[in-house]
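# Coordinate inspection notes
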Amino acid sequence: MRFLLDPEQRAFADSLNAMLTAADTPSVVRAWSRGEHTSGRALWRRIAEAGVFALAIPEAYEGLGPRPVELAVAFVELGRHAVPGPVVETVMAAALLAEPGPAKRLLPALASGEVMATAAPAGSYALDGDVATTRLAWDADGLRSAPGPSGPVRASLDPARRLTRLLPGGELLTREPPLAHALTWARLATAAQALGVGLALLDRTVAYVRQRTQFGVPVGSFQAVKHQLADAKIALEFARPLLFGAALTMTESDVAAAKVTACEAAYRTARTALQLHGAIGYTAEYDLSLWLTKARALRMSWGSPDECRAAVLNGVSGGGRRS
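Residues numbered from 1 in each chain as written. Predicted model: local features only at pLDDT ≥ 70, side-chain atom pairs only at ≥ 80, totals over all residues. Heavy atoms only, no water.

### Some words on the sheet that holds strand β5 (residues 149-154)
- Taken together, the 3 strands give an open sheet; going across it, the order is β2-β6-β5, and neighbouring strands pair in antiparallel fashion. Each of the sheet's edge strands pairs with one partner strand only, and the pair in question is β2 (125-127) and β5. Looking at each pair of strands side by side, their axes are set apart by 35° on average, direction ignored.
- Summarising the sheet, β2 and strand β6 (residues 163-166) pair through 3 bridges and their orientation is antiparallel. By the bridge assignment, Y125 is partnered in β6 with R165. (Pairing = 2+ DSSP bridges. Helix = DSSP H or I, 4+ residues; strand = E, 2+ residues; numbered from the N terminus. Axes fitted to C-alpha atoms, helices over the stretch in contact; angles between N-to-C directions.)

Below you can see the structure in the form of structure tokens.
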């Protein structure tokens, strides 16, 4: 089956791509990594104004959704431009806030970009807990609004992914949060983001090997280089229909399959990009590093490859249970 975007979806992707290209996201990412959030917050509001977060929020709470296919389209572009911040966690927060009381109070601000959300199990590290204005943590008692981060920011494999431990306690929002449902949405957004990261790495590497020369000819003319790039391209193109197929069904097993496939394809492309760039690919000052580190981090985010494969097997044996 071929999954082709309709004209409206393609126009949405093109508009996001144009907006993010003009925003010079590499400089935003580097500032965010240093703990300077002004440009990142401004970009966040523009993304929200484009309707990205509203796609995960029901119309009853001033959203546009839930529309998982369009959300996947948007997150491919966010990954393509290495947008920093808890974008996946904001989508997960929208899915966690299912009860009418908390939803009515918190979701409209998430849709508009007025607030930024992060989410994590109680006692663990949350992404960007130091800058998020809504912090959700869950434990055996239910879902809570955590009062704030505890301790210093912890370094991550991806410098733009800043980790903080959330403080215990806080207001109890619901005793039975839809954790499986929220995890499915988080994995879908992560898969789409990873696909975008992989596509950006491939595009940048193709452009580089066309310019770099050895023995008087472009490196990209060597057959071994072409084979590596072709393998990366095939892996990414195989992940694309799995992603949009999963966005249509939204079953746990389909989304887990899309997540592991997209993240492994992005990771493979990252390794190919690093090898073909040579020594310059190892330098943090070179923009390629912003996508290399993100590909590795997303691979383990919201479900390792083994965890996602187990979810696929459980879904097959259980007849494809829905979240």
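The rest of the description comes next.
### Digging into the nonpolar core
- By size, the foremost hydrophobic cluster in this structure holds 81 residues, and its most contacted members are I47, V52, F75 and L243.
- The element contributing the most residues to this core is helix α7 (residues 179-211), with 11 residues.
- Beyond its immediate stretch of four places on either side in the chain, V52 contacts F12, L16, I47, L71, A74, F75 and L78. (Core = buried A, V, L, I, M, F, W, Y, C linked by side-chain atoms within 4.5 Å. Buried < 20%, exposed > 50% of the residue type's maximum accessible area, 1.4 Å probe, protein only. Contact = heavy atoms within 4.5 Å.)

### Quick word on the pattern of salt bridges
- For the structure shown, the criterion picks out 15 salt bridges.
- Salt-bridge contacts for R67 lead to E70; the nearest nitrogen and oxygen are separated by 3.6 Å.
- A relative accessible area of 33% places R67 in the partly exposed class.
- The closest approach of N and O atoms between R309 and D306, which form a salt bridge, is 3.6 Å. Of the two residues, R309 and D306 both sit in helix α11 (residues 305-317), 3 residues apart, roughly one turn of that helix.
- The class for D306 is exposed, based on a relative accessible area of 59%. (Salt bridge = Lys/Arg side-chain N within 4 Å of Asp/Glu carboxyl O.)

### Overview of unusual backbone geometry
- In this structure, the amide linkage connecting G65 to the following residue, P66, adopts the cis form with an omega of 5°.
- The backbone of D24 shows a phi angle near 55°, a positive value even though the residue is not glycine.
- Note on placement: D24 falls in the loop between α1 (7-22) and α2 (25-33).
- Residue D128 is not a glycine yet carries a positive backbone phi of 55°.

### Digging into the state of the cysteines
- Under the definition given, this model contains 0 disulfides.
- No disulfide involves C263; its nearest neighbouring cysteine sulfur is the one of C308, lying 7.2 Å away.
- Relative accessible area serves as the criterion here: at 0%, C308 is assigned to the buried category. (Disulfide = S-S within 2.5 Å.)

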